[in-house]
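Descriptive structure summary
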Amino acid sequence: MNHDYVSCFAEYIKGMLDARDALGYAREPHAATLLSFDKYCSMQHPDCVELTEHLVMPWVLKDGNDTKGIKGRASAIRLLAQYMNISGQEAYVLPDRYFGNPKPKETYIFSDSELSSLFSAIDTLPEDKKIPYTRQMLPVLFRLIYTCGLRPQEGRELKRRNINFGVSQ
């Protein structure tokens, strides 16, 4: 998705997103979140020139009880501020884990029988008329994700141009 940024931070937002893109990170959800910040700045603070705590905090905390939204905004603005500082522009960086530590994710390792059941279920999915070729794509996609150790989004976002079909020996 292409966003048009217009605030005084537009150049830094685009630069940060391009840098993340070049490193292989997804642009979303930060692109949409920073579009909201860009609109906030251009409407509420059109003369702003610095990324300050006074500017950042009201936007981050705008939906008081929405913790997921607050953490998403905090993460996006923190990345932007870090990028600005690296680029030579002084900016306020929210402290790490400002809104609490995330719960550690519990690792789950599938047993052989669970893996077998999972792939059997994927192999026998019915054809979906709304999404053609699902019966052919999903078994390949799930096996690719599993055998290559990909994150789910890495498998979903894989493009044909990213695959070297040449045989190497």
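Below or above, wherever it landed, is the structure these notes cover. This is a predicted model, so every value here is computed, not measured.

Definitions and cut-offs
- Residues numbered from 1 in each chain as written.
- Predicted model: local features only at pLDDT ≥ 70, side-chain atom pairs only at ≥ 80, totals over all residues.
- Heavy atoms only, no water.
- Axes fitted to C-alpha atoms, helices over the stretch in contact; angles between N-to-C directions.
- Helix = DSSP H or I, 4+ residues; strand = E, 2+ residues; numbered from the N terminus.
- Parallel < 35°, antiparallel > 145°, perpendicular 65-115°, else oblique.
- Left-handed = near helix turned anticlockwise from the far one by under 90°.
- Contact = heavy atoms within 4.5 Å.
- Buried < 20%, exposed > 50% of the residue type's maximum accessible area, 1.4 Å probe, protein only.
- Core = buried A, V, L, I, M, F, W, Y, C linked by side-chain atoms within 4.5 Å.
- Salt bridge = Lys/Arg side-chain N within 4 Å of Asp/Glu carboxyl O.

1. So, the packing of helix α2 (residues 30-44) against helix α3 (residues 53-60)
- Close contact between α2 and α3 brings their axes to 11 Å; oriented N to C, the two are set at 120°. The angle between the axes of α2 and α3 places the two elements in the oblique class. Crossing handedness for the pair α2 and α3: right-handed. Across the interface between the two elements, Thr33, Ser36, Phe37, Tyr40 and Cys41 of α2 pack against Leu55, Pro58 and Trp59 of α3.

2. Observations concerning unusual backbone geometry
- A cis amide bond links Glu28 with the next residue in sequence, Pro29, at an omega value of 5°.
- Tracing the chain through its elements places Pro29 in the loop between α1 (10-22) and α2.
- One non-glycine residue, Tyr133, lies in positive phi territory at about 70°.
- Among the secondary structure elements, Tyr133 is positioned in the loop between α5 (112-123) and α6 (134-148).
- By relative accessible area, which is 57% here, Tyr133 ends up exposed.

3. What to know about the nonpolar core
- Grouped together as the largest cluster of nonpolar side chains are 29 residues, with contacts concentrated most on Phe9, Leu34, Phe37, Leu51, Ile77 and Leu80.
- Elements that contribute at least two residues to this core include exactly α1, α2, α3 and α4 (67-86).
- Looking at this core, the element that brings in the most residues is α4, giving seven residues.
- Apart from the residues within four sequence positions on either side, Leu80 is in contact with Tyr12, Ile13, Met16, Leu34 and Phe37.

4. So, the side chain of Thr134
- Residue position: Thr134 is located in helix α6.
- Take Thr134: its relative accessible area is 10%, and that puts it in the buried class.
- Ignoring any residue separated from it by four or fewer positions in sequence, one finds Thr134 in contact with Pro126, Glu127, Asp128 and Pro139.

5. A word on the pattern of salt bridges
- Scanning the entire structure with this criterion turns up five salt bridges.
- When the shortest N-O distance is used, the salt bridge between Asp96 and Arg78 registers 3.8 Å. Placement of Asp96 in the loop between α4 and α5 and of Arg78 in helix α4 is noted, with a sequence separation of 18 residues between them.
- One salt bridge connects Asp123 with Arg143, and the closest N-O pair in it is separated by 2.8 Å. Pair noted here: Asp123 is in helix α5 and Arg143 is in helix α6, with a separation of 20 residues, a long-range link.
- Accessibility expressed as a relative area gives 32% for Asp123, which makes it partly exposed.

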